[in-house]
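Descriptive analysis of the structure
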Amino acid sequence: MACEREIRRRLQEAEQEQLLSFWDELGSGQRESLLAELRLLDARELREHCGRAQQAYVRESSAPQRLDDRMRPVPKEFMGSVRRSHLEERKAWEEEGYRQISQNKVAVLLLAGGQGTRLGVTYPKGMYNVGLPSGKTLYQIQAERILRLQQLTGEKYSVQCTVPWYIMTSEFTLNPTQKFFEEHNFFGIDRADVIMFEQRMLPAVGFDGRAILERKDKVAMAPDGNGGLYRALADNHILEDMEARGVCYIHVYCVDNILVKMADPVFVGFCVSKGADCGAKVVEKAYPSEPVGVVCQVDGIYQVVEYSEVSPVTAEMRNSDGSLTYNAGNICNHFFTLDFLKNIAGALGERLGYHVAIKKVPYVDEEGNLVKPTRPNGIKMEKFVFDVFQFAKNFVAFEVIREEEFSPLKNADTADKDTPTTARRSLLWQHYRWALEAEAKFTDANGFAIAENYRVSEMEDPPAVCEISPLISYFGEGLDVRLSKKEISSPFILDVTRA
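Residues numbered from 1 in each chain as written. Predicted model: local features only at pLDDT ≥ 70, side-chain atom pairs only at ≥ 80, totals over all residues. Heavy atoms only, no water.

Given a rise of 1.5 Å per residue, 18 residues ought to cover 26 Å, and the 26 Å separating the end C-alpha atoms of helix α13 (residues 420–437) matches this to within 8%. Most of α13 is tucked away: 16 of the 18 residues are buried. Looking one or two residues beyond α13, the residue adopting positive phi is Glu 439, at roughly 70°. (Helix = DSSP H or I, 4+ residues; strand = E, 2+ residues; numbered from the N terminus. Expected span 1.5 Å × (residues − 1). Buried < 20%, exposed > 50% of the residue type's maximum accessible area, 1.4 Å probe, protein only.)

In this section: empty space enclosed by the protein. In this approach, a probe sized like a water molecule rolls over the atoms, and the result shows the empty space that is left. Inspection of the entire model under this criterion finds 3 cavities of 30 Å³ or more. In terms of lining residues, the largest cavity is bounded by Lys 136, Ile 141, Arg 145, Leu 427, Gln 430, His 431, Trp 434, Glu 467, Ile 468, Pro 470, Ser 473 and Tyr 474. At the level of secondary structure, the elements contributing two or more residues to the lining of the largest cavity comprise α5 (138–157), α13 and β22 (466–468). The dominant element in the lining of the largest cavity, judged by the number of residues it contributes, is α13, at 4 residues. Per-class residue counts for the lining of the largest cavity are 6 nonpolar, 3 polar and 3 charged. (1 Å grid on protein atoms, 1.4 Å probe; cavity = no way out; pocket = protein on both sides within 12 Å on 5 of 7 lines; lining within 4 Å. Points joined across faces, edges and corners; volume = space filled by probe spheres on them. Nonpolar A, V, L, I, M, F, W, Y, C, P; charged D, E, K, R; others polar.)

Burial within strand β3 (residues 106–111) is extensive, with 6 of its 6 residues counted as buried. Neither face of β3 is exposed, since Val 106, Val 108 and Leu 110 on one face and Ala 107, Leu 109 and Leu 111 on the opposite face are all buried. Sheet topology note: the β3/strand β11 (residues 249–254) ladder contains 6 bridges and is parallel. Considered in β11, the bridge of Val 106 is made with Tyr 249. Note: β3 against strand β4 (residues 165–169), 4 bridges, orientation parallel. Note that in β4 the partner of Val 108 across the bridge is Trp 165. In the classification by handedness, the crossover that spans β3, the intervening α5 and the parallel β4 is right-handed. (Pairing = 2+ DSSP bridges. Right-handed = clockwise from strand over helix to strand, strands pointing away.)

Spatially, β7-β19-β16 is the arrangement adopted by the 3 strands of the open sheet, whose pairing is antiparallel. Strand pairing shows two members of the sheet lacking a second neighbour, β7 (205–206) and β16 (355–359), which therefore form its edges. Relative to strand β19 (residues 378–382), β7 runs antiparallel, the two being bridged by 2 bridges. Within the sheet, the bridge partner assigned to Val 205 lies in β19 and is Ile 379. Here helix α3 (residues 43–61) sits on the sheet in contact with β7, β16 and β19, set at roughly 105° to β19. (Contact = heavy atoms within 4.5 Å. Axes fitted to C-alpha atoms, helices over the stretch in contact; angles between N-to-C directions.)

Further remarks concern helix α4 (residues 87–102). In a regular helix each residue adds 1.5 Å, so 16 residues correspond to 22 Å; α4 covers 22 Å between its end C-alpha atoms and thus fits that length. Inspection of α4 places Trp 93, Glu 96, Gly 97, Tyr 98, Gln 100, Ile 101 and Ser 102 among the buried residues, and these make up the whole buried set. Turning to α4, the residues buried within the fold contact β2 (79–81), β3, α5, β11, α9 (265–273) and β20 (395–400).

Glancing now at the side chain of Thr 314. With respect to the helices and strands, Thr 314 occurs in helix α10 (residues 312–315). Given the relative accessible area of 7%, Thr 314 is considered buried. Ignoring any residue separated from it by four or fewer positions in sequence, one finds Thr 314 in contact with Asp 68, Met 71 and Tyr 326.

With that settled, consider the packing of helix α8 (residues 238–245) against helix α11 (residues 338–345). Helix packing for two helices is described by the angle between their axes and how far apart those axes are. Two elements in contact, α8 and α11, have axes whose closest approach is 11 Å; the angle formed by their N-to-C orientations is 160°. Judged by the inter-axis angle, α8 sits roughly antiparallel to α11. Where α8 crosses over α11, the handedness of that crossing is left-handed. Judged by residue contacts, Leu 239, Met 242 and Glu 243 of α8 engage Leu 338, Leu 341, Lys 342 and Ala 345 from α11. Classifying every residue of the contact of α8 with α11 by side-chain character gives 5 nonpolar, no polar and 2 charged. (Parallel < 35°, antiparallel > 145°, perpendicular 65-115°, else oblique. Left-handed = near helix turned anticlockwise from the far one by under 90°.)

Soluble globular proteins: nonpolar side chains tend toward being buried together. Ranked by size, the top nonpolar core spans 46 residues in total, and within it Val 108, Leu 110, Tyr 139, Trp 165, Ile 167, Phe 181 and Val 194 carry the most contacts. Broken down by element, the residue count for this core peaks at 6 residues, all from α9. Residues contacting Tyr 139, with those up to four places away along its chain left out, are Leu 110, Ala 112, Pro 124, Gly 126, Met 127, Trp 165, Thr 177, Phe 180, Phe 181, Phe 187 and Val 255. Ranked by size, the runner-up nonpolar core spans 42 residues in total, among them Leu 229, Leu 233, Cys 278 and Val 282. (Core = buried A, V, L, I, M, F, W, Y, C linked by side-chain atoms within 4.5 Å.)

Here the focus is the environment of Gly 209. Within the fold, Gly 209 resides in the loop between β7 and β8 (213–215). A relative accessible area of 10% places Gly 209 in the buried class. Note: C-alpha distance between Gly 209 and Ala 53 (156 residues apart in sequence) is 6.9 Å. If sequence neighbours within four positions are ignored, Gly 209 has contacts with Gln 16, Cys 50 and Gln 54.

On to the environment of Phe 335, then. Locating Phe 335 in the fold gives a position in strand β15 (residues 328–337). Ignoring sequence-local partners within four residues, the contact set of Phe 335 consists of Tyr 249, Ile 250, Phe 267, Val 268, Cys 271, Val 272, Ala 276, Asp 277, Cys 278 and Gly 279.

Before going further, it helps to examine unusual backbone geometry. Residue Pro 491 is bonded to the preceding Ser 490 through a cis peptide linkage, with omega at 0°. Along the chain, the position of Pro 491 falls in the loop between β23 (487–489) and β24 (492–494). A positive phi is found at Cys 332, a non-glycine position, where the angle reads about 55°. Take Cys 332: it is sitting in strand β15. In this structure Cys 332 comes out as buried when scored by relative accessible area, which is 11%. The backbone of Lys 485 sits at a positive phi, close to 65°, despite the residue not being glycine.

Take the pairing of strand β13 (residues 294–298) next. Burial runs high along β13: 5 of the 5 residues are buried. Summarising the sheet, strand β1 (residues 71–72) and β13 pair through 2 bridges and their orientation is antiparallel. Its bridge partner being in β13, Arg 72 is matched across the sheet by Gln 297. The pairing of β13 with strand β14 (residues 301–305) spans 5 bridges and is antiparallel. Across the sheet, the residue bridging to Gln 297 is Tyr 302, located in β14. Hairpin geometry of β13 and β14 is characterised by an intervening segment of 2 residues between the two adjacent antiparallel strands and by a positive phi of about 55° at Asp 299.

In structure tokens, the structure reads:
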């Protein structure tokens, strides 16, 4: 068949003929499925991709490059802070953020292309329920924050406003995410304002530079990283959609942060006030050797430096006030102008390099047996969303309080951190603090007062269980009217149906 001949020719040109090794054993349906997948792979791009992956693996296997002598922290004039700024400044930033939202100029963009493999589930992370009393999933929590933010802004400016929600999925997550939203009626958001699109997939590559067959009739593919966003924006005409809606500013975040402030008016207002085209939220590192990337300058260019690229001496450097010199921990929470994204989706995006991820990739051996490797055997190439910092003309960073805004869900409960348990506790502790600040009084099942003890470790559950719906409060506002001086029996859920 001509189609088969053409695909074989392409694979020979790409030096990847092994992808048709089991052709003679496949049924007609399997053959068509494999051909459909291979048609999407350009011969030149496939050859370059596999060669690039192998070369990157060799480099990765050598000693990591240290960047200590080339690093500088973010200058103070380009760094904002919730903790260290004056109340008047924060209020002015918040007001500016709300003003932009009221004019329909702000959108949120969710990075949701990854699978929940480390979490131990086969469905998208956003569908995960961490065990809150309400049973709400990450998607529902985020949707309700958008709805409440729109309501707050509308009340503030006497307008109806919209914060469109763009969701970047992958081949693995698009269909289940669409189905989940449809089953839940888009959680009350107008479905026209929830725009899902798909990022590209790239073949996983063996250490020998050959693309891996996951099955006899399927190439092992993986999303091209959250930095695949910029190509996906262009491929799916998302920037045109944003422009048609009048969007000027975009808040980009990862799906797994249960504490994320959607389109945070303070962050948006800070970035707009500073005239930034690109911004990053950061948190103070918990300790010098914490394995998180640090936002800083390298040779005068902004980037995220991974902990493996810095020596312990540099990681432990301190300022005169005792704070860590390199303290701006990256949390994948960013601000971009539409004009900036247009430039990246155009010529600048082609200059973004790839990062190497060494993974255990299931494969078919030469005899056709399915093998689940016990040690890494493959290379996945990906780009990171923060790789574009280097192109910013006016970059800013904004430090927020970890306990209030960052608790990622990455691992199953067998791990030490970033688990369903730690995510659930982070949210319940936050809501417990909000309730105490509103002067709520907690009692146990027997009616006895529960001590208001802030000094209980957040490694444990809070003294009282209190979950507050985002539909009631976006970030702790307005709770005094509902909770002040009231006795509340733990566990307690404050939601619109219970208001």
